[in-house]
Amino acid sequence: MSVVATGTITDEGVGRLRARIGIPQVYPARPHYRRPGEDAFRHVAWSYGDDNPLWSDPAYAVGTRWKGPIAPPVLVGGDALIGEDALSDAEMARQDELRGDPLRGVHAFYAASEREWWAPLTPGHEIRRRTALVGVVDGASEFGGRGVQEWTAQAFETGSGTLLGAQYRMMYRTERRKARERGKYDGVVIEPWDEEGIAAIDAAYAAEAPRGADPRWWEDVAVGDPVGPLVKGPLTVTDMVCWHVGMGMGMYSVAPLRLAHRNRQRIPRFYHRDELGVPDAMQRVHWDPAFARRSGNPTTFDYGRMRETWLIHACTDWMGDDAWLWRLRVEFRRFNYVGDVQWVEGEVTRRHLAEGGRPAVDLELRTRNQRGEVTSPASATILLPSREHGPVRPPGPPRGATTLEAAFDATIDRFAPELG
């Protein structure tokens, strides 16, 4: 029997990973919210700094066009946030083929995502999801020698059959040892903030507010109109603690104490000993500077999902309560380190009638740090209310799908060009 070297990308490991393409899988973590309600909506919005009362104040939400609370778009998707696995008996019987990680020990960075939303999520529903690996792209890595793009698709529906949305995410796999040897980020310096700098950021925060009940009419939007800026940061470990309270611990089910012991038995290679000899999760690259340096970074850094939620926040603040965020695509090009600030900004690039005569605008977006670097280029499509065409009509799933299985298949087909 051949042995796959831990922490190394091999032809055999890539081949074993590719053998999983298209096999619906049990997601490795239970959902953080099994039946999300008003509290879940509020906690998720709070975790990324969003104070829009549409997500957090039921009394306010009743007076909107949605006639009650709806979930922030962030909640529909987001890996382990929601969704019980919806697999057939035959699909469950194939789960032994998916055990273990063919690239075990190879670092994974959340590198790109495309999401779309089809219908609002209201409180109290059980959620079903389907998940499958849909693409493996092998090639050279600027960061650490050889790299692999690992693409996964998910789709979601309520237990009563409302199809909610889908996502398509890419995890980038790189070898830690080569990343350290290359030292790509050795020149990054996070300068301390002075009183003047913090005062300027405080002033930006004080000027921000969601558009709320004031409709942004489609007819009033022009190409070139600005979106944002929305300020996020300077990033602290506290921000990431608050993030985890609302968003959970992700696909690896990182947990405390007795639950951590059980998780170590389940995925022992995900735990490395710290400087005191205590086993701790590799996820601590986000809050342990010494461990972050072992992965080739100068210090701790955010989650790509955090910046994704910030981009969503910029869209929903700009568009107002009567609009609908349909699609968002984002790439994570650079790290966002503790001490960095990100400005979320963009502009309108197109105003058009989308599928079914829906008034829509396309946006180009980005997150930009204090060093002037674009860390996350993005694009979005938003449906707006129109004086001529009437209120927003959420788009529904691709190809008019009426079942989760059909919506999932249609999502994969629509996203397939991303894999080249």
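Refer to the structure presented above.
Rules used throughout
- Residues numbered from 1 in each chain as written.
- Predicted model: local features only at pLDDT ≥ 70, side-chain atom pairs only at ≥ 80, totals over all residues.
- Heavy atoms only, no water.
- Buried < 20%, exposed > 50% of the residue type's maximum accessible area, 1.4 Å probe, protein only.
- Helix = DSSP H or I, 4+ residues; strand = E, 2+ residues; numbered from the N terminus.
- Pairing = 2+ DSSP bridges.
- Patch = residues over 30% accessible without salt bridge, like charges linked within 9 Å, V, L, I, M, F, W, Y side chains within 5 Å.
- Areas by Shrake-Rupley, 256 points an atom, 1.4 Å probe, with all protein chains shown as cover.
- Salt bridge = Lys/Arg side-chain N within 4 Å of Asp/Glu carboxyl O.
- Phe/Tyr/Trp six-rings, centres within 6.5 Å; stacked < 30°, edge-to-face > 60°.

**Details of the pairing of strand S12 (residues 374–383)**
Among the 10 residues of S12, seven are classified as buried, and the element is accordingly described as predominantly covered. When strand S9 (residues 324–331) meets S12, the two strands line up antiparallel, connected through six bridges. Each residue of the ladder has a partner; that of Arg 327, found in S12, is Thr 381. The pairing of strand S11 (residues 358–369) with S12 spans nine bridges and is antiparallel. Across the sheet, the residue bridging to Leu 363 is Ala 380, located in S12. Following S11, the chain reverses through four residues before pairing antiparallel with S12; Gly 372 in that reversal takes a positive phi of roughly 80°.

**A word on a nonpolar patch on the surface**
Together, Trp 46, Val 237, Val 241 and Val 245 line one region of the surface with nonpolar side chains, adding up to about 360 Å² of accessible area. Turning to its location among the elements, Val 245 is positioned in helix H8 (residues 237–247). Note on Val 245: relative accessible area 48%, which makes it partly exposed.

**Examining the packing of aromatic side chains**
Within the structure shown, the criterion is met by 10 aromatic pairs. A centroid spacing of 6.3 Å and a plane angle of 20° characterise the contact between Trp 243 and Tyr 303, whose relative ring orientation is stacked. With Trp 243 in helix H8 and Tyr 303 in the loop between helix H10 (289–294) and helix H11 (304–319), this pair connects stretches of sequence that are 60 residues apart. For the pair Trp 243 and Tyr 303, one class covers both residues: buried. Look at Tyr 252 and Phe 270: their rings are 4.2 Å apart centre to centre, the planes differ by 15°, and that puts the pair in the stacked class. Here the residue Tyr 252 occupies a position in the loop between H8 and helix H9 (257–266), and Phe 270 occupies one in the loop between H9 and strand S7 (271–273), the gap between them amounting to 18 residues.

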